[in-house]
Amino acid sequence: MVSMEATNASTGEDCCVKVAVHIRPLIGDEKLQGCKDCVSVVSGKPQVQIGTHCFTFDHVYGSSGSPSSGMFEECVAPLVEGLFQGYNATVLAYGQTGSGKTYTMGTGFHDSYQSGLIPQVMNSLFRKIETLEHQTEFQLHVSFIEIHKEEVRDLLDSSAINRSEPMNGQANKVTVPGKPPIQIRETSNGVITLAGCTECSVKTLKEMADCLVQGSLNRATGSTNMNNQSSRSHAIFTITVEQMRKLNPLVSTDGDVNDSMKEEYLCAKLHLVDLAGSERAKRTGSDGLRFKEGVHINKGLLALGNVISALGDEKKRKEGLHVPYRDSKLTRLLQDSLGGNSRTFMIGTFTSLHISL
Ligand SMILES: Nc1ncnc2c1ncn2[C@@H]1O[C@H](COP(=O)(O)OP(=O)(O)OP(=O)(O)O)[C@@H](O)[C@H]1O
């Protein structure tokens, strides 16, 4: 299991990894069932207390921490801004099933998820593009995939989704005739690409939002067919921003203006990740299929924990410590957007309840 304590070491403004928690309030029947908050926020500090243990983060949101409405501006807006300077970034939501990962990310397809981070990312991205359009040409692409049992599924390819029928109550492998499985590749300059994955070119906020909705719907459909797969897979919504910026005309020392405008090309991507439920990382189930699935999820989350710990440890990073990106598909896919010049924001979602009998 990814240890939140391990990621704590990342605090500090200059660090490439920021970690926060989002505490979900008691909802619906939980209060009626006598559930009580078991997490308390230490007043005036980004710290939570569970029993006698205290955990410190960069920020604590919700249930008497900072208001959740500030999360985007404080933690994600700088990453969106960085895209325009060519920096890749990753936002990850980590937590137990039902703790609010989808709500926090806004990966759902109905209105209650509108306040999530992804809709806010899309709004701010298009607002910024509007202010730059006169001097920069933009091309935007989105992809939406999920990783389940170390296999990549394309959520924007509806022909693949419709074929994910259950067989004997078990999820069968999704294959579309003539379509090879999606493969993670690395170019000679270290850029990670997904060969065979749908990349939708989008021009407007609506087109981008439609991709999010369509992919989320496809995920939900696949999930029903495959026995609630959503909490057992990692979903990754990726926005790629390509820009061709016209630089100012060059003025030589003798005052001559060189009219031929120079152009600068920049490309950066932002991965928005709704991780599989962290409790799945435990090897609980004893039947073969569940056990194997748990091992796969474990692999992804464990590898992610190791990568984030390695990146968050400034001293070890400077010593050139090995970062184990290749240990899972999840970390391999995020490799060029975790570490290096890229920025990472990890939000741990908590349910603050325990059942009192
Ligand atoms: N901060 C919050 N404030 C109010 N309601 C919330 C909050 N976070 C989550 N919820 C509600 O809690 C429920 C579970 O949240 P959500 O589906 O986001 O959990 P999840 O961690 O994504 O679960 P899963 O792993 O099954 O996908 C939903 O009804 C959601 O609307």
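Since the model is a prediction, treat every value here as computed from it, not as a measurement.

### Quick look at the overall build of the protein chain
Tallying secondary structure elements over the protein chain gives 10 helices and 20 strands in all. Counting over 357 residues, the protein chain shows a buried share of 47%.

### Structural notes on the UniProt feature "binding site: ATP" (unreviewed entry) in the protein chain
Feature annotation in UniProt assigns "binding site: ATP" (unreviewed entry) to the following positions: Gly-95, Gln-96, Thr-97, Gly-98, Ser-99, Gly-100, Lys-101 and Thr-102. Along the chain, Thr-97 falls in the loop between strand S7 (89-95) and helix H4 (101-105). Given a relative accessible area of 37%, Thr-97 falls into the partly exposed group. Among the structural elements, Lys-101 can be located in helix H4. What makes Lys-101 buried here is its relative accessible area of 7%. Those residues in contact with Lys-101 that sit more than four places away from it in its chain are Ala-93, Tyr-94, Gly-95, Gln-96, Asp-274, Leu-275, Ala-276, Gly-277 and Thr-349. Only 3.0 Å separates the side chain of Lys-101 from the backbone oxygen of Gln-96, close enough to count as a polar contact.

### What about the pattern of salt bridges?
Counting across every chain of the model gives 9 salt bridges. Where Lys-128 meets Glu-81, a salt bridge forms, and the shortest distance between an N and an O atom there is 2.7 Å. One end of the pair, Lys-128, is in helix H5 (residues 117-132); the other, Glu-81, is in helix H3 (residues 71-83), and 47 residues separate them in sequence. Residue class for Glu-81 comes out partly exposed when judged on its relative accessible area of 34%. A salt bridge links Arg-219 to Asp-274, with the nearest nitrogen and oxygen atoms 3.7 Å apart. Here Arg-219, found in helix H7 (residues 205-225), pairs with Asp-274, found in strand S18 (residues 263-274); they are 55 residues apart in sequence, far enough to count as distant. Linked by salt bridges that have partners in common, Glu-146, Arg-153, Arg-219 and Asp-274 make up one network.

### Considerations on the sheet that holds strand S3 (residues 40-41)
One open sheet holds the 3 strands; their spatial order is S3-S4-S5, and the pairing between them is antiparallel. In this open sheet, the two edge strands, each paired with only one partner strand, are S3 and strand S5 (53-56). Strand direction decides the pairing type here: S3 and strand S4 (residues 47-50), joined by 2 bridges, are antiparallel. The residue of S4 that forms the bridge with Ser-40 is Gln-49.

### A look at the site of the ligand
Looking at the ligand, there are 14 residues lining it, with Gly-98, Gly-100, Lys-101, Thr-102 and Tyr-103 nearest. Residue Gln-96 places a main-chain N or O atom 3.4 Å away from an oxygen atom belonging to the ligand. Tyr-103 places a main-chain nitrogen or oxygen 2.8 Å from an oxygen atom of the ligand. Among the elements that make up the shell around the ligand, the one with the highest residue count is H4 (3 residues). The residue makeup of the shell around the ligand, split by class, is 4 nonpolar, 8 polar and 2 charged.

### Here's the deal with the packing of H3 against H5
Running from N to C, H3 and H5 cross one another at 45°; their axes reach a closest spacing of 10 Å. Accordingly, the angle class assigned to the pair H3 and H5 is oblique. For the pair H3 and H5, the sense of crossing is right-handed. Contact residues: Met-71, Phe-72, Val-76, Val-80, Glu-81 and Leu-83 in H3; Leu-117, Gln-120, Val-121, Ser-124, Leu-125 and Lys-128 in H5. Partitioned by chemical class, the residues of the contact of H3 with H5 number 8 nonpolar, 2 polar and 2 charged.

### A closer look at unusual backbone geometry
Backbone geometry places Ser-63, a non-glycine residue, at a positive phi of 35°. Tracing the chain through its elements places Ser-63 in the loop between strand S6 (59-61) and H3. The exposure class of Ser-63 is partly exposed, given its relative accessible area of 30%. A positive phi is found at Ser-64, a non-glycine position, where the angle reads about 80°. The residue Ser-64 is located in the loop between S6 and H3 in this model.

Rules used throughout
- Residues numbered from 1 in each chain as written.
- Predicted model: local features only at pLDDT ≥ 70, side-chain atom pairs only at ≥ 80, totals over all residues.
- Heavy atoms only, no water.
- Helix = DSSP H or I, 4+ residues; strand = E, 2+ residues; numbered from the N terminus.
- Buried < 20%, exposed > 50% of the residue type's maximum accessible area, 1.4 Å probe, protein only.
- UniProt positions renumbered as here; feature names shortened; annotations may be inferred.
- Contact = heavy atoms within 4.5 Å.
- Polar contact = N/O pair within 3.5 Å; in protein donor to acceptor, adjacent residues only side chain to side chain.
- Salt bridge = Lys/Arg side-chain N within 4 Å of Asp/Glu carboxyl O.
- Pairing = 2+ DSSP bridges.
- Near = heavy atom within 4 Å.
- Nonpolar A, V, L, I, M, F, W, Y, C, P; charged D, E, K, R; others polar.
- Axes fitted to C-alpha atoms, helices over the stretch in contact; angles between N-to-C directions.
- Parallel < 35°, antiparallel > 145°, perpendicular 65-115°, else oblique.
- Left-handed = near helix turned anticlockwise from the far one by under 90°.

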